[in-house]
Amino acid sequence: MAERVIEVDGIELCTESFGDPSDPPVLLVMGLGASMLWWEEGFCRMLAAGGRFVIRYDHRDTGRSVTYAPGRPGYTAADLVADAVRVLRAHEVPAAHVVGVSAGGALAQLLALDHAARVRSLVLISTSCAVPGDDELPPPTQEFTRFAAAAPPDPSDADAVIDHQVAYARVLAGGRRPFDEAAARGLVRRDVERAHDFGAARNHDSLTDGKVSQAPLSSITVPTLVIHGTADPMFPLRHGEALAERIPGGRLLALEDAGHGVERPDWATIVTAILEHTAAGSSGQVIVSE
């Protein structure tokens with residue numbers, strides 16, 4: 001299905017769906033600063049082939065969704081949570097299985113807390129607890145911290161921006177597996193060329209929380225699966241473990257040597273896990289290694 005720009009509450013969001021609308025719906029929520037392209041088409045089609053109606057979308061300031069002036073987003077993280085509801089409304093989906101990666105996983109948790117009737121189950125990938133707790137969680141790796149602290153490239157220099165994003169993808173991959181630079185470069189180039197203003201994604205770095213839930217994660221009642229790479233440089237594995245522990249019945253699938261994100265070598269494992277989880281939510285905390 002072709003991309004579709006929806007307008008709900010005066011907000012324009014670019015969406016795309018895959019599969020039969022009569023199948024159980026799965027809403028994919030990407031991390032901040034990233035467009036829906038990072039839910040790669042092949043991954044989406046694998047889920048759809050498993051009998052799911054899959055919806056992906058561009059956050060504000062990414063891809064072809066509404067774009068704001070750099071440094072002046074005029075919205076909060078709470079608005080991004082509400083945008084997920086807007087996407088479901090536009091697609092006439094009362095409630096969906098919600099899959100979030102990185103900060104998208106945090107948005108998915110807040111969606112389950114603030115709009116519980118909209119969420120049938122959760123799958124949280126490469127993320128951490130959206131609501132503070134008592135656990136002391138480990139910081140990012142030194143390599144990740146050094147990269148994040150470096151000055152970004154001139155947004156008007158497309159080649160420099162692409163090189164920077166590819167280097168970032170390499171860091172996120174965690175360094176324990178071969179890095180497919182050609183695939184990463186192709187995806188980054190499509191992302192840069194497709195966006196209204198690729199530099200506007202930096203607005204996500206300065207977002208305030210807004211009116212988001214302060215309820216504990218223990219109040220989440222939907223079946224929850226946490227998927228986390230053992231080599232994640234942004235959120236070391238303990239983040240995923242803590243998340244699964246704090247959500248009642250949470251289960252953890254640990255991906256050996258996987259970094260941060262949904263990597264192609266893990267597509268089959270992740271898709272199978274999502275299909276099983278969304279077919280019939282299970283309970284009981286389990287740690288599985290692949």
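Placed above this text is the structure.
Keep in mind that this is a model prediction, so the values were computed, not measured. (Residues numbered from 1 in each chain as written. Predicted model: local features only at pLDDT ≥ 70, side-chain atom pairs only at ≥ 80, totals over all residues. Heavy atoms only, no water.)

Student: How would you summarise the packing of aromatic side chains if you had to cite specific residues and measurements?
Tutor: Across all of its chains, the model carries five aromatic pairs by this definition. Judged by centre distance (6.3 Å) and plane angle (40 degrees), the rings of Phe144 and Tyr168 are tilted. With Phe144 in helix H4 (residues 142–149) and Tyr168 in helix H5 (residues 158–172), this residue pair connects regions lying 24 residues apart in the sequence. Since its relative accessible area comes to 24%, Tyr168 is described here as partly exposed. Members of the aromatic cluster, each reached through a chain of ring pairs, are Trp39, Phe43 and Trp267. (Phe/Tyr/Trp six-rings, centres within 6.5 Å; stacked < 30°, edge-to-face > 60°. Helix = DSSP H or I, 4+ residues; strand = E, 2+ residues; numbered from the N terminus. Buried < 20%, exposed > 50% of the residue type's maximum accessible area, 1.4 Å probe, protein only.)

Student: I'd love a proper account of the nonpolar core, names of residues and values included.
Tutor: The nonpolar side chains of a soluble globular protein tend to be buried with one another. In this structure, Leu27, Leu122, Leu217 and Ile220 are the most contacted members of the largest nonpolar core, which totals 43 residues. Considering each element in turn, this core owes the most residues, eight residues, to helix H2 (residues 77–90). Leu122 has contacts with Val98, Ala108, Ala112, Ile220, Val222, Pro223, Thr224, Leu225 and His277, leaving out every residue within four places of it along the chain. With 27 residues, the next largest nonpolar core counts Trp39, Val99, Val123 and Ile227 among its residues. (Core = buried A, V, L, I, M, F, W, Y, C linked by side-chain atoms within 4.5 Å. Contact = heavy atoms within 4.5 Å.)

Student: Any details on unusual backbone geometry? Residues and values, ideally.
Tutor: For residues that are not glycine, phi is negative in most cases, and the peptide bond is trans in most cases. In this structure, Asp9 takes a positive phi of about 55 degrees despite not being glycine. Assignment of secondary structure puts Asp9 in the loop between strand E1 (4–8) and strand E2 (11–18).

Student: Tell me about the pairing of E2, and please be specific about residues and values.
Tutor: Most of E2 is tucked away: seven of the eight residues are buried. Of the strand pairs in this sheet, E1 and E2 are connected by five bridges, and their pairing is antiparallel. Across the sheet, the residue bridging to Arg4 is Thr15, located in E2. Where E2 and strand E4 (residues 53–57) come together, four bridges link them in antiparallel fashion. Counterpart to Ser17 in the pairing with E4 is Ile55. (Pairing = 2+ DSSP bridges.)

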